[in-house]
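Here's the letter readout for the chains.
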Amino acid sequence: MVLPTGTVENGQVIVDGTRITGTTPENAHVIDVSTHWLVPGFVDLHNHGGGGASFSGPVEDVQKAIRTHRLHGTTTLVASTVTDDMDFLVRQAGLLSELAEQGEIAGIHFEGPFISPCRKGAHSEALLRDPDPAEVRKLIDAARGQAKMVTLATELPGGIDSVRLLAEHGVIAAIGHTDATYEQTVEAIEAGATVATHLFNAMPQIGHRAPGPIAALLEDERVTVELINDGTHLHPASLRLAFHHAGAGRVAFITDAMDAAGFGDGRYVLGPLDVEVSDGVARLVQGGSIAGSTLTQDRAFQRAVTVDRLPVEDVVAALSANPARLLGMYDTIGSLEPGKDADLVLLDADFALKGVMRRGEWVVDPQLG
């Protein structure tokens, strides 16, 4: 078991109802998972969909996407929207806020439309706009207290004022899809920005005379850096660079998943844009930009340990504890401790997923054969 204090062999987790407890109830049912790893449920801060469905779709699609990622160990998920017209985003915020109020998702992340045309990635340039604080406030209000994060190109007009607005309302301001300089990024962090949206991707790369946003985001201890560990978005050396400079306590693995996650290759739509998924890599039909990922967090975990050779404890922190703390939910999720939700992931010796429990109920029954 991976606990906040380290890895413990031959331990046990006691579940009573929906919670982890320190006392064994009478007539407890015992499941022997010897030779397996037990880790906390995964927490995904940045996820657009899966299972052939999107978080920008109707409620049935949203529930399908949630279910898909739970089957892969993500017991807590923030639903991300993609750039669209403001009226649509306001309506979708209302739909998603209801599911957040029911505990199905942990909140809403707005990725766009307040991002740079220079670094738009898989976002429709025609729908992009400067981060006017009044429009940012409109989205926050539409989310009815369930807005968790907004990704901004903070160098654009209104960017710094929008960061301050988000910070005042307890919403995470994330720097991403940005063409900011090092100095502009520092200014945004000082104003209250605390997250780097998929670090390295959709931002200027490090230069020895123009270090850009990456250097500023890595060096500031107030910033959590998102990383997409699918083998496509990042070279393993870039992943190691982030862990080395930010430290294991400031990294959050995300999926940035789109509809094809847990579903398969084919033609999809991301916002208003057509996407082709081939060999598990999603790219825009027009232009070929990478369009999110088909990643699930169990694959991110396995790759981090077996390919990137990261310590298991660091990977657990990046997938569970760190994002839980960022969301202000570490008192109930993010680690295996008495009193917390019984969110568990069972892995075999090769770190393949073999069981998922969410709030005391098996989403994926233990596969011990």
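Residues numbered from 1 in each chain as written. Predicted model: local features only at pLDDT ≥ 70, side-chain atom pairs only at ≥ 80, totals over all residues. Heavy atoms only, no water.

(A) Representation of the pattern of salt bridges in the model. Across all of its chains, the model carries 13 salt bridges by this definition. Here the salt bridges do not stand alone but share partners, grouping Arg19, Asp341 and Arg359 into one network. (Salt bridge = Lys/Arg side-chain N within 4 Å of Asp/Glu carboxyl O.)

(B) A look at the environment of Asp220. Position of Asp220 relative to the elements: it lies in the loop between α6 (212–219) and β14 (224–228). Taking the C-alpha atoms as reference points, Asp220 and Val186, 34 residues apart in sequence, are found 8.6 Å from one another. Ignoring any residue separated from it by four or fewer positions in sequence, one finds Asp220 in contact with Ile189 and Arg250. (Helix = DSSP H or I, 4+ residues; strand = E, 2+ residues; numbered from the N terminus. Contact = heavy atoms within 4.5 Å.)

(C) Spotlight on the side chain of Thr197. With respect to the helices and strands, the residue Thr197 is situated in the loop between β13 (195–196) and α6. By relative accessible area, Thr197 is classed as buried at 0%. Looking at Thr197, its side chain comes within polar contact range of the side chain of Thr151, at 2.8 Å. With residues near it in sequence (within four places) discarded, Thr197 still touches His46, Glu111, Thr151, Ala174, Ile175, Gly176, Met203 and Glu226. (Buried < 20%, exposed > 50% of the residue type's maximum accessible area, 1.4 Å probe, protein only. Polar contact = N/O pair within 3.5 Å; in protein donor to acceptor, adjacent residues only side chain to side chain.)

(D) Structural detail: unusual backbone geometry. Note that the residue after Gly112, namely Pro113, is joined by a cis bond; omega there is 15°. Mapped onto the secondary structure, Pro113 falls in the loop between β10 (108–111) and α3 (133–142). Here Ala202, not a glycine, exhibits a phi torsion of approximately 60°, which is positive. Its identity is not glycine, yet Arg309 carries a phi of approximately 60°, on the positive side.

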